[in-house]
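Here's the letter readout for the chains.
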Amino acid sequence: MQETVRNFCIISHVDHGKSTLADRFLELTNTIEKRKMKEQFLDVMPLEREKGITIKMQPVRMEYQGYSLNLIDTPGHVDFSYEVSRALAAVEGAVLLVDATKGVQAQTLANLALAQRQGLTIIPAVNKIDSPLAKTEEVVLEVSSLLKVPVQDVFHISAKEGIGIAELLQAVIEKVPAPKGLKEGSARALIFDSKYDAFKGIVAFLRVVDGSFQANDRIRFLATKAVGAAKEVGYFMPEETPKDSLQTGDIGYLATGIKDAQEVRIGDTISSSKAGAVSLPGYQEPKPMVFVSFYPQDINEFDALKAALSHLKLNDPSFTFDIESKEALGRGFSCGFLGVLHSEIIAERIQREFALDLVISRPSVQFEVTSERKEKLVVKTATDWPDGEKVLEVKEPWAKLEIIAPRGFFPSISQLLLNSGGVSTGVEDVGEEKLLLGYEIPLRSVIADLHDKLKSVSEGMASMDYEIIDMRRGDLIKLEIWTAGENQDALSVIVPRKEAHAQGKAIVEKLKNILPPQLFEVALQAVTGGQVIARETLKAQRRDVTGALYGGDVTRKKKLLERQKQGKKELKIKGKVTIPSKVFLDLFRT
Ligand SMILES: Nc1nc2c(ncn2[C@@H]2O[C@H](COP(=O)(O)OP(=O)(O)OP(=O)(O)O)[C@@H](O)[C@H]2O)c(=O)[nH]1
Ligand SMILES: [Mg+2]
């Protein structure tokens, strides 16, 4: 029954209590048995539970007072805002949650803007009112002025203590409109997420817009032109529970039986008609801006890594991967991500879910390099740098950064941003106590731990959100690391000219400490434009060639040492250092 369906999601800044609120809704509606309940129930991935953050959106259907309530819990971290935007396209309303101890923060604004752009009904609620640190009245005022609604319209809740939960759900039923859409005629549904299942094939997460889908229905994918049959349809309860059909306005899943990731795409429309169906507006695929190379530690596992990346992409279309190879590391992938945490999560998932050990490069941005001979070159890793050619211009991505912080931290935050190459674009008031600081800054500085630094200069009180604006000229050069006179290109990095010396020094020093001892002396050099700018020496290790000799045969001992000396000399000439993958691992770890 379309009239009794309500589709909504919970959005907020990271950690404001979305998943905990979802727990209370699941309890109130008896969707989960009491004895099975656990904190942040919808954070089903082990990685989410360990890190205490939501990474994937999670839909769940609840039956309550004659209504079918489809809730989608969303992540709050800035790297996962593509998840949020996909969830928002599947619903009519959003509960905007704001932590009473923190107030409005950067992703509160960003996610609210996304929801408003979708034209959703927004229901504001201030959470954690039980906390001794709660500044409930102040935060309610902040939220009411942000949304331009009366203070009475802002709900006061505690997701932890279960205060105000039934009233909030009642408001969802009353305020969020029932889904529109045509009951009769050909069926259309938006694929807002998907995952791979060894038995069911690719499972598409659907928002049915028009008509209905039954098991065994013939289906068509409008963008990819693939065809198939619905193997199974059902609801998220929250585990996949088969049903006879998915009705107009429903959120549920459809198992496609299809195994080829190219055929089932998030954002595509599934239709039941033979011809003529019009595609639903899909999603603007986000452009990855942070690049990290993944290499299998065991070079024989290249194909396994490729399969793992393909499977994960079904569950997260926002990262990209392209084959690359480096002499020292073999074949691997240059992968594009929406942020550093995003890259760490995918790397972790590969290691856990597919049992593959990886060598992971440092995150980098994508540069545009114009050299004398070539037109314009896209440089994702230092290996792509046009060696031996004159570089005329380098451009790098810049971001627009928004920081929300209590007034008192203004000086220390300004200093931090100045040191990171940021340019102030303005300051606005957010309520009485806080400021919204605008900056433009190289993305390179944002991904180099800016968030952690911001937290530390603001005692954890400041929050930030960023988005890419354009490419700008920068004074950047390639920094090479040489061992025994040989360029180890896998270790090259692109750095601002004025930081080259400090970074080069830091790398060779670290390399000296982690490189296993060699039989000959090894020069470790940082080189830019053919010039050595920093140097360390790894002393030769004297292997105990005489150890196996007992007694006092001095002449033999001498002879052996002599031979070793000679051997070393030869090694020094043709000496080649093979860097084990463990060293790359240690070196890339920040
Ligand atoms: N005191 C108090 N703590 C709460 C309340 N609601 C949630 N928390 C705590 O806040 C922390 C974050 O809660 P989550 O539910 O994981 O927050 P979230 O918004 O889902 O976080 P992300 O999904 O990572 O953005 C947890 O430690 C919760 O126990 C509340 O009403 N009162
Ligand atoms: Mg959560």
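Here the residue index of a chain counts from 1 through its sequence in written order. Each chain gets a letter, beginning with A, and each ligand a number, beginning with 1, in the order they are written. The predicted origin of the model limits local features to residues at a pLDDT of at least 70 and limits the giving and counting of side-chain atom pairs to 80 or more, whereas totals for whole chains, interfaces and linings rest on all residues. Hydrogen atoms and water are omitted, and side-chain values are computed over all heavy atoms in the structure.

With that settled, the discussion passes to the overall build of the chain. Segments assigned H or I by DSSP are reported as helices when at least four residues long, segments assigned E as strands when at least two residues long, and all are numbered from the N terminus. Along the backbone of the chain there are 13 helices and 31 strands. Along the longest, intermediate and shortest principal axes, the C-alpha atoms of the chain span 95 × 60 × 60 Å. Sorting the 590 residues of the chain into buried and exposed places 52% on the buried side. Contact between two residues is taken to exist if any of their heavy atoms lie within 4.5 Å; hydrogens are not considered. Long-range pairs, those at least 24 residues apart, make up 68% of the contacts in the chain between residues at least 6 apart in sequence. In the form shown here, the chain has an accessible surface area of approximately 27200 Å², with 50% of it arising from carbon and sulfur atoms. Exposure is judged per residue with a 1.4 Å probe applied to protein chains only, and the accessible area is read against the type maximum: over 50% gives exposed, under 20% gives buried, and values in between give partly exposed. The accessible surface values rely on the Shrake-Rupley method and a 1.4 Å probe; as for residues, cover is taken only from the protein chains in view.

We now examine the site of ligand 1. Ligand 1 sits among 18 residues. The nearest are K18, S19, T20, T54 and D130. H16 is positioned such that a nitrogen or oxygen atom in its backbone is 3.3 Å from an oxygen atom of ligand 1. The definition of a polar contact used here is a pair of N or O atoms within 3.5 Å, where within protein one atom must be able to donate a hydrogen and the other to accept one, and adjacent residues in sequence count solely through side-chain atom pairs. Between an oxygen atom of ligand 1 and a side-chain N or O atom of S158, the distance comes to 3.2 Å. Contact with the protein chains removes 85% of the 650 Å² of surface that ligand 1 exposes when unbound. With three residues, the single largest contributor to the shell around ligand 1 is helix α1 (residues 18-28). Within the shell around ligand 1, the residues separate by chemical class into three nonpolar, 10 polar and five charged. Residues are labelled near a given molecule or strand when at least one of their non-hydrogen atoms is within 4 Å of it. Under the scheme applied, nonpolar residues are Ala, Val, Leu, Ile, Met, Phe, Trp, Tyr, Cys and Pro; charged residues are Asp, Glu, Lys and Arg; polar residues are all the others, including Gly.

What follows deals with the coordination of the magnesium ion (ligand 2). Donor atoms from the polypeptide that coordinate the magnesium ion (ligand 2) comprise S19 (OG) and T54 (OG1), at 2.0 to 2.1 Å from the metal. Of this pair, S19 sits in helix α1 while T54 sits in the loop between α2 (46-51) and β2 (58-64); the two residues are 35 residues apart in sequence, bridging distant segments of the chain. Just as S19 is buried, T54 falls in that class too. A 2.8 Å cut-off from the metal defines N, O and S donors, relaxed to 3.2 Å for Na, K and Ca; water is not in the atom list, so some sites may appear incomplete.

This part covers the side chain of E92. Note on placement: E92 falls in the loop between α3 (81-88) and β4 (93-99). Given the relative accessible area of 15%, E92 is considered buried. A distance of 2.9 Å separates polar atoms of two side chains, one belonging to E92 and the other to R207.

Counting through the fold element by element, Q518 comes out in the loop between α11 (500-514) and β30 (522-528). Using a relative accessible area of 13% as the deciding quantity, one classes Q518 as buried. From its side chain, Q518 meets the backbone oxygen of P516 in a polar contact 3.0 Å long. In this view, Q518 contacts L538, K539, A540, Q541 and V577; residues no more than four positions away in its chain are not counted.

A word on the packing of α1 against helix α6 (residues 165-175). Angle between the axes and distance between the axes: these two values describe a pair of packed helices. Note on method: axes are straight lines fitted to C-alpha atoms, helices fitted across the in-contact stretch only, with angles between N-to-C directions ranging 0 to 180 degrees. At a closest axis distance of 10 Å, the pairing of α1 and α6 adopts a crossing angle of 85°. Relative to α6, the element α1 lies roughly perpendicular. When α1 is examined against α6, the residues L21, R24, F25 and L28 are found in contact with a partner set consisting of I165, A166, L168 and L169. Looking at the contact of α1 with α6, its residues break down into seven nonpolar, no polar and one charged. What sets the label is the angle itself: under 35 degrees gives roughly parallel, over 145 gives roughly antiparallel, 65 to 115 gives roughly perpendicular, and the rest give oblique.

Moving on to the confidence of the model for the chain. The quantity known as pLDDT measures the predictor's confidence residue by residue, on a range of 0 to 100. Here the chain averages 89 in pLDDT, while 94% of its residues score no lower than 70. Of the regions scoring below 50 in pLDDT, residues 570-574 engages in five contacts with residues more than four places distant in sequence or in other chains.

Below, the discussion takes up the sheet that holds strand β5 (residues 121-127). Strand order in the open sheet made by the six strands is β2-β3-β1-β4-β5-β6, with mixed pairing throughout. This sheet does not close on itself; its edge strands, each paired only once, are β2 and β6 (155-156). A strand pair is defined by DSSP finding two or more bridges across the two strands. Two strands pair when backbone bridges link them, and β4 and β5 are joined in this way by seven bridges, in the parallel orientation. Bridge pairing in β5 places V98 opposite V126.

Let us now look at the sheet that holds strand β17 (residues 290-296). One open sheet accounts for four strands, arranged β18-β19-β17-β20; its pairing is antiparallel. For this open sheet the edge positions go to β18 (320-326) and β20 (358-360), each flanked by a neighbour on one side alone. Between one strand axis and the next, the sheet turns by 30° as a mean value, whatever way the strands run. Here β17 runs beside β20; their pairing, made up of three bridges, is antiparallel. Residue pairing across strands places F294 opposite I360, the latter belonging to β20. Running over the sheet, helix α8 (residues 340-353) touches β17, β19 (330-337) and β20 and is turned about 20° from β17.

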